Every structure is written in C-alpha cells, then in structure tokens.
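Chain residues, written in single-letter form:
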Amino acid sequence: MVWRNDGAVASISAGTVVSVQGKIINTTGTIGNNGTITLSDSLINGGTINGNGTYNAAGNWTNNGTFTPGTSTVVFNGAVAQTIGGTTI
C-alpha cells in the first residue's frame, strides 16, 4: 500500500498515531506532524514536512523537498540497513 499526498495539507495532532502499512509518498503536499507516524516501509518527500512529532521508519528516508524537523524524533527501526538520501538532506 502507498499513501500519496499530492497537494493536500495533512495535519497530525499531538497524541495521534498514524500507522502506514507501506510507503508515504509526499509529492507536492504538506504534512504537519505533531503526533506519531509509524511506517512499515519508506518515506519519500518531494513536498513539505514539518512539526514536532515522532517518525518511526522501517524503510528508507528520501528527502527531495523540505523537511523542517522542529523538535521531531526520527527512529530508524528496520530489520535491514536503511538509508537517508535525496537532493536536500
């Protein structure tokens, strides 16, 4: 499964947990995370991600857009080696 954000604004409030069984592909949208996002796969960002939330990623993190972490925590918890990459790391 793939969750795509093509131009929308998604706001995740503090205390909210969003679990994605697959990839998040944020092409031109905005994700404001002040809660927790748990991914069973990778995150590919071509839009904007911001907030002060937690990201649990079992896959790779590719940033080709804007990631403003604030006080966020990113946890890489995959069973195999993971990568951080993209054009704007």
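Here's what I pulled together on the structure shown here. Being a predicted model, the structure only gives us computed values, none of them experimental.

**Overview of the sheet that holds strand 1 (residues 2-5)**
Line of reasoning, step 1. Taking strand neighbours across the sheet as the criterion, the five strands line up as 1-4-7-10-13 in an open arrangement whose pairing is parallel. With one partner strand each, in any of the chains shown, strand 1 and strand 13 (84-85) form the two edges of the open sheet.
Line of reasoning, step 2. With three bridges joining them, strand 7 (residues 43-45) and strand 10 (residues 61-63) adopt parallel strand pairing. Bridge pairing in strand 10 links Ile 44 to Thr 62.

**Remarks on the nonpolar core**
Line of reasoning, step 1. Grouped together as the largest cluster of nonpolar side chains are 12 residues: Ala 10, Ile 12, Val 20, Ile 24, Ile 31, Ile 37, Leu 39, Leu 43, Ile 49, Tyr 55, Ala 57 and Trp 61.
Line of reasoning, step 2. Counting residues per element, the ones that place at least two in this core are strand 2 (9-12), strand 6 (36-39) and strand 9 (54-57).
Line of reasoning, step 3. For Ile 24, the contacting residues outside a window of four places in its chain are Trp 3, Ile 31, Ile 37, Leu 39, Ser 42, Leu 43 and Ile 44.

**Considerations on the pattern of salt bridges**
Line of reasoning, step 1. Using the criterion set out here, one finds one salt bridge in the structure.
Line of reasoning, step 2. The shortest N-O distance in the salt bridge between Asp 6 and Arg 4 comes to 3.3 Å.
Line of reasoning, step 3. Judged by relative accessible area, which is 45%, Arg 4 ranks as partly exposed.

Analysis parameters
- Residues numbered from 1 in each chain as written.
- Predicted model: local features only at pLDDT ≥ 70, side-chain atom pairs only at ≥ 80, totals over all residues.
- Heavy atoms only, no water.
- Pairing = 2+ DSSP bridges.
- Helix = DSSP H or I, 4+ residues; strand = E, 2+ residues; numbered from the N terminus.
- Core = buried A, V, L, I, M, F, W, Y, C linked by side-chain atoms within 4.5 Å.
- Buried < 20%, exposed > 50% of the residue type's maximum accessible area, 1.4 Å probe, protein only.
- Contact = heavy atoms within 4.5 Å.
- Salt bridge = Lys/Arg side-chain N within 4 Å of Asp/Glu carboxyl O.

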